[in-house]
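# Structural overview for review
So you can see what is in the structure, the chains are spelled out below.
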Amino acid sequence: MAVGKEIRGKIKSFENTKKITKAMEMVSASKMRKAQERMRAARPYADKIRNITANLSQANPEYKSAYMRKDGKAKVCGFIVVTTDKGLCGGLNTNVLRVVTNKMRDLQTAGSTAQAVAIGNKGFSFLNRIGAKVVSHATHLGDTPQLDKLIGPVKVMLDAFVEGRVDAVYLCYTKFINTMKQEPMVEQLLPLSAERLQQTAAEKAQYGWDYLYEPDAATVIEDLLTRYIEALVYQAVAENMASEQSARMVAMKAATDNAGNLIAEFKLIYNKTRQAAITKELSEIVSGAAAISG
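The present account deals with the structure reproduced in this document.

What counts, and where the lines are drawn
- Residues numbered from 1 in each chain as written.
- Predicted model: local features only at pLDDT ≥ 70, side-chain atom pairs only at ≥ 80, totals over all residues.
- Heavy atoms only, no water.
- Helix = DSSP H or I, 4+ residues; strand = E, 2+ residues; numbered from the N terminus.
- Expected span 1.5 Å × (residues − 1).
- Bend = angle between axes of the 7 residues up to and from the residue.
- Buried < 20%, exposed > 50% of the residue type's maximum accessible area, 1.4 Å probe, protein only.
- Contact = heavy atoms within 4.5 Å.
- Polar contact = N/O pair within 3.5 Å; in protein donor to acceptor, adjacent residues only side chain to side chain.
- Axes fitted to C-alpha atoms, helices over the stretch in contact; angles between N-to-C directions.
- Parallel < 35°, antiparallel > 145°, perpendicular 65-115°, else oblique.
- Left-handed = near helix turned anticlockwise from the far one by under 90°.
- Nonpolar A, V, L, I, M, F, W, Y, C, P; charged D, E, K, R; others polar.
- Core = buried A, V, L, I, M, F, W, Y, C linked by side-chain atoms within 4.5 Å.

With that settled, the discussion passes to helix α4 (residues 147-162). When the terminal C-alpha atoms of α4 are compared, their 21 Å separation across 16 residues agrees well with the 22 Å that a helix rising 1.5 Å per residue should span. A maximum bend of about 35 degrees is found in α4 at valine 154. Among the residues of α4, those classed as buried are Leu150, Pro153, Val154, Met157, Leu158, Ala160 and Phe161. Buried residues in α4 make contact with β1 (76-82), β2 (113-119), β3 (133-138), β4 (168-178), β5 (181-190) and α6 (217-293). Once α4 finishes, glycine 164 follows within two positions and takes phi at roughly 90 degrees, a positive value.

Shown next, in the form of structure tokens:
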């Protein structure tokens with residue numbers, strides 16, 4: 001029964017794997033709920049800053065922030081690439097990195113050069129592997145993203161844009177749609193478009209008062225725009241983490257189901273092999289008895 005022993009070993013291995021994937025599925029489900037709550041909690045902050053900044057910008061039309069500068073064709077483009085630190089989350093990272101690669105290739109075909117900020121270990125490793133210029137990075141963010149860990153790497157790209165060394169900045173991440181669907185996104189972060197700061201009639205009525213500025217309107221607007229851009233990056237990281245846990249939960253559920261199917265198949269093979277061995281032994285006994293008596 002050497003074959004039967006080998007099959008039993010495989011069944012035991014699959015059962016151990018199934019226990020691990022089931023545990024990871026349950027952990028991801030718990031983390032997914034927390035990540036979704038964190039993602040939704042970050043939205044009101046970004047909306048509040050956007051509305052205040054839009055109102056201040058309209059109240060001071062003579063001031064034009066460097067973040068809204070447009071110099072025509074972008075010769076140098078920056079990418080803030082948000083990925084996960086860990087794997088086992090299906091095609092989540094592969095999908096967003098494919099979109100980033102295609103965008104970079106299109107820009108290089110048009111005569112532009114690209115540089116990147118990597119948030120997440122998977123994106124950092126990938127960008128280094130393809131030879132992209134990585135100016136800064138942030139990895140090992142944990143399950144709860146901290147804004148102070150993101151500000152440093154992102155500020156490198158913001159300063160480069162303000163100083164004119166970068167003409168456009170794109171934010172690349174995976175947007176959370178629902179538990180079963182996550183969509184890779186490449187959005188233009190800088191220069192800020194007028195559509196981003198556009199207000200509805202209700203928002204204009206709510207934020208339509210004047211302000212007292214200290215030290216002056218230009219400094220306040222500039223700081224608010226910086227906070228707004230940082231909030232957009234934080235929101236992208238929060239969305240990506242919610243997508244990560246959802247994708248990992250689905251992937252581990254599929255792995256658990258596949259392990260269960262393999263266990264059932266190998267148990268059937270084991271039973272057939274065992275039955276065949278028993279039948280063979282019975283046949284030999286009967287044949288031997290017949291030869292002796294015959």
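Now that the structure has been shown, the text picks up again.
Here we take up the environment of glutamate 163. Here glutamate 163 shows up in the loop between α4 and β4. In this structure the C-alpha to C-alpha distance between glutamate 163 and alanine 66, which are 97 residues apart in sequence, comes to 8.8 Å. Within the local environment of glutamate 163, its side chain forms a polar contact with the side chain of arginine 165, the two groups lying 2.8 Å apart.

Their axes nearest at 10 Å, the elements α4 and α6 cross at an angle of 120 degrees. Between α4 and α6, the angle is such that the two are oblique. The two elements α4 and α6 meet at a crossing, and its hand is right-handed. Packed against α4, whose contacting residues are Leu147, Leu150, Ile151, Val154 and Leu158, the element α6 presents Thr226, Ile229, Glu230, Val233, Tyr234 and Val237 at the interface. Considered class by class, the residues forming the contact of α4 with α6 number 9 nonpolar, 1 polar and 1 charged.

Taken as a class, soluble globular proteins show a tendency for nonpolar side chains to be buried jointly. Residues Ile80, Ile119, Leu189 and Leu190 are the most contacted members of the largest nonpolar core, which totals 36 residues. Those elements giving two or more residues to this core turn out to be α1 (2-59), β1, β2, α4, β4, β5 and α6. If we skip the residues at most four places from it in the chain, isoleucine 80 touches Val117, Ile119, Val154, Val169, Tyr170, Leu171, Cys172, Leu189 and Val233. Of all hydrophobic cores here, the second largest spans 17 residues; its members include Cys77, Met104, Leu127 and Ala132.

Time to look at the packing of helix α2 (residues 92-109) against helix α3 (residues 121-129). The geometry of α2 relative to α3 is characterised by a closest axis approach of 11 Å and an angle of 40 degrees between their N-to-C directions. The orientation of α2 with respect to α3, classified from their angle, is oblique. Read as a crossing pair, α2 and α3 show a hand that is right-handed. Contact residues: Asn93, Leu97, Thr101 and Met104 in α2; Lys122, Gly123, Phe126 and Leu127 in α3. Of the residues in the contact of α2 with α3, the class split is 4 nonpolar, 3 polar and 1 charged.

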